[in-house]
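Listed below are the residues making up each chain.
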Amino acid sequence: MIRWNKHPLIAFISSHIIEYPTPLNLNYMWSFGSAAGLCLVLQIITGIFLAMHYTPHIDYAFSSVEHIMRDVNNGWLIRYLHANGASIFFIVVYCHIFRGLYYGSYIKPRELLWASGVVIFILMMATAFMGYVLPWGQMSFWGVTVITNLFSAIPFIGKSIVEWLWGGFSVDNATLNRFFSFHYLIPFLIAGMTIVHLSLLHQHGSNNPIGVESKGNKIPFYPYFYVKDLLSFFILIWVFSFFVFFHPNVMGHPDNYIPADSLKTPAHIVPEWYFLPFYAILRAIPHKVGGVVMMGASLIILFFLPFIHLAKIRSGTFRLAYRGVFWVILLNFLALMWLGQKPVAPPYIGVGQVVTFVYFCLFAIGVPVSGLIDSYLAKPHLLFKD
């Protein structure tokens, strides 16, 4: 007879979920992590069902999506859940990232936790890009053509990498097959990285709004904090349902309902909204290689945040200078998102270059300098050491 209270699985769930010590003062901003996990599970489940009816062939891909929408029982619901789920997923993750930036969740001893989260974010972007190709509409075809061509900027081996990605000398059936395979498999890699992310989180525990490391003043996750997560789930489901049932195409591009045509280029090629800030950085640099390098650097710089934090205070709650830098970072990010959908023409080119320059200055100069200023201004009783 199995003694359930001694079973390893039950003990694991009890220690890492039910009895997990949670800081007493966590607010609803800490619910975005669990909401992101819910979105990931939903994306994997709906993706599996869509893969049962999707045909990864350039002659049938667009028709198979229409078949899912029109002929498969509740196929329209599954596809809209998956398509809008990607946007909701990114909204939740962006909120999760900016919450971490504001409250200093990237600071020692959570450097690896932050780095694993950035890796998950990059894997999400790769997965979403490959998924956008699969409907094989006009934006899908020309989006993959433009983005994969960026790899040709790599010296010496760029052209070979592009041909390997394409599976030939142009975007064709082999390209679609490869992107479908990777789009199906990478989410399981993301799920694995999420487990690593959670294990690193439980190693040092959650950060909190005031940034004070304390082994006391903690309560079990259940039944206290899970109620906040449950309320956040209901709000997320309500927002999600609003888009799925009332505005399912508002976050997509209408040109993607036109079958892919290699002989007809769309008037304005734009990626999905969650790629727009990085697309704006790419376009801001007139040189192809420079644009690719700066776009990559805009993500790589996130890994260095724990090492350029110079303040003795962790949370933005008590950091006057850093709070100003944080809100400028957020406004700068939104400005890049707005510029990413604008045509490559004056005055957007010049504005994009200025905003891109400010983006890198904020991280490379604004974050460390604000840390020094806050440390200087802080009163002795606010100098919380790690």
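The structure displayed is predicted, hence computed values, not measured ones.

1. Brief notes about the confidence of the model for the protein
Averaged over every residue, the pLDDT of the protein is 88; the share at 70 or more is 92%. The spread of mean pLDDT over the elements of the protein runs between helix 1 (residues 8-18), the lowest at 63, and helix 4 (residues 75-103), the highest at 95. Overall, residues 381-386 carries pLDDT values under 50, and its contacts beyond four positions in sequence, including any with other chains, amount to 13 contacts.

2. Details of the side chain of Thr 148
Relative to the elements of secondary structure, Thr 148 occurs in helix 6 (residues 138-149). Here Thr 148 is in contact with Val 162, Leu 165, Trp 166 and Phe 179, once residues within four sequence places are set aside.

3. Description of the UniProt feature "binding site: a ubiquinone" (unreviewed entry) in the protein
Summarizing the sequence annotation, UniProt attributes the feature "binding site: a ubiquinone" (unreviewed entry) to His 202 in the numbering used throughout. With respect to the helices, strands and loops of the structure, His 202 is situated in helix 8 (residues 173-204). The class for His 202 is partly exposed, based on a relative accessible area of 23%.

4. So, the domain arrangement of the protein
Assigned domains of the protein: these are domain 1 (27-268) and domain 2 (270-385). For domain 1 versus domain 2, the separation of C-alpha centres amounts to 22 Å. Taken together, the contacts link 41 residues of domain 1 with 36 residues of domain 2. Taken over both partners, the interface formed by domain 1 and domain 2 buries close to 3,600 Å², and the fraction arising from carbon and sulfur atoms is 73%. Its largest share of buried area at the contact with domain 2, domain 1 owes to Phe 98, Tyr 102 and His 268, together 20% of the area lost on that side. Inspection of the domain 1/domain 2 interface yields eleven residue pairs in polar contact (both at pLDDT 80 or more). Every element with two or more residues in the side of domain 1 that touches domain 2 is listed here: helix 4, helix 5 (111-133) and helix 6. Per-element tally for the side of domain 1 that touches domain 2: the top contributor is helix 5, with eleven residues. By residue class, the composition of the side of domain 1 that touches domain 2 is 28 nonpolar, nine polar and four charged.

5. Things to note about the layout of surface pockets
In this structure, the largest pocket occupies an estimated 1,400 Å³ of space. Secondary structure elements with two or more residues in the lining of the largest pocket: helix 1, helix 2 (32-51), helix 4, helix 5, helix 8 and helix 9 (221-246). For the lining of the largest pocket, the element with the highest residue contribution is helix 8, accounting for nine residues. In the lining of the largest pocket, the residues fall into 29 nonpolar, 16 polar and three charged.

6. Remarks on the nonpolar core
Counting residues in hydrophobic clusters, the biggest one holds 87 residues, and the most contacted among them are Phe 90, Leu 101 and Phe 121. With 13 residues, the top contributor of residues to this core is helix 4. Each of domain 1 (27-268) and domain 2 (270-385) accounts for three or more of the residues forming this core. If sequence neighbours within four positions are ignored, Phe 90 has contacts with Phe 121, Met 124, Met 125, Ala 128, Trp 273 and Tyr 274.

7. Some thoughts on the packing of aromatic side chains
Across all of its chains, the model carries 32 aromatic pairs by this definition. Ring geometry for Tyr 94 against Trp 273: centres 6.3 Å apart, planes inclined by 55°, an arrangement best described as tilted. With Tyr 94 in helix 4 and Trp 273 in the loop between helix 9 and helix 10 (276-284), the pair connects residues that are 179 residues apart, well separated along the chain. Like Trp 273, Tyr 94 is buried. Consider the rings of Phe 129 and Phe 179, whose centres lie 5.8 Å apart with planes at 65°: the pair is edge-to-face.

How each quantity is defined
- Residues numbered from 1 in each chain as written.
- Predicted model: local features only at pLDDT ≥ 70, side-chain atom pairs only at ≥ 80, totals over all residues.
- Heavy atoms only, no water.
- pLDDT = per-residue confidence, 0-100.
- Helix = DSSP H or I, 4+ residues; strand = E, 2+ residues; numbered from the N terminus.
- Contact = heavy atoms within 4.5 Å.
- UniProt positions renumbered as here; feature names shortened; annotations may be inferred.
- Buried < 20%, exposed > 50% of the residue type's maximum accessible area, 1.4 Å probe, protein only.
- Domains from an automatic or database assignment.
- Buried area = accessible area lost by both parts, 1.4 Å probe.
- Polar contact = N/O pair within 3.5 Å; in protein donor to acceptor, adjacent residues only side chain to side chain.
- Nonpolar A, V, L, I, M, F, W, Y, C, P; charged D, E, K, R; others polar.
- 1 Å grid on protein atoms, 1.4 Å probe; cavity = no way out; pocket = protein on both sides within 12 Å on 5 of 7 lines; lining within 4 Å.
- Points joined across faces, edges and corners; volume = space filled by probe spheres on them.
- Core = buried A, V, L, I, M, F, W, Y, C linked by side-chain atoms within 4.5 Å.
- Phe/Tyr/Trp six-rings, centres within 6.5 Å; stacked < 30°, edge-to-face > 60°.

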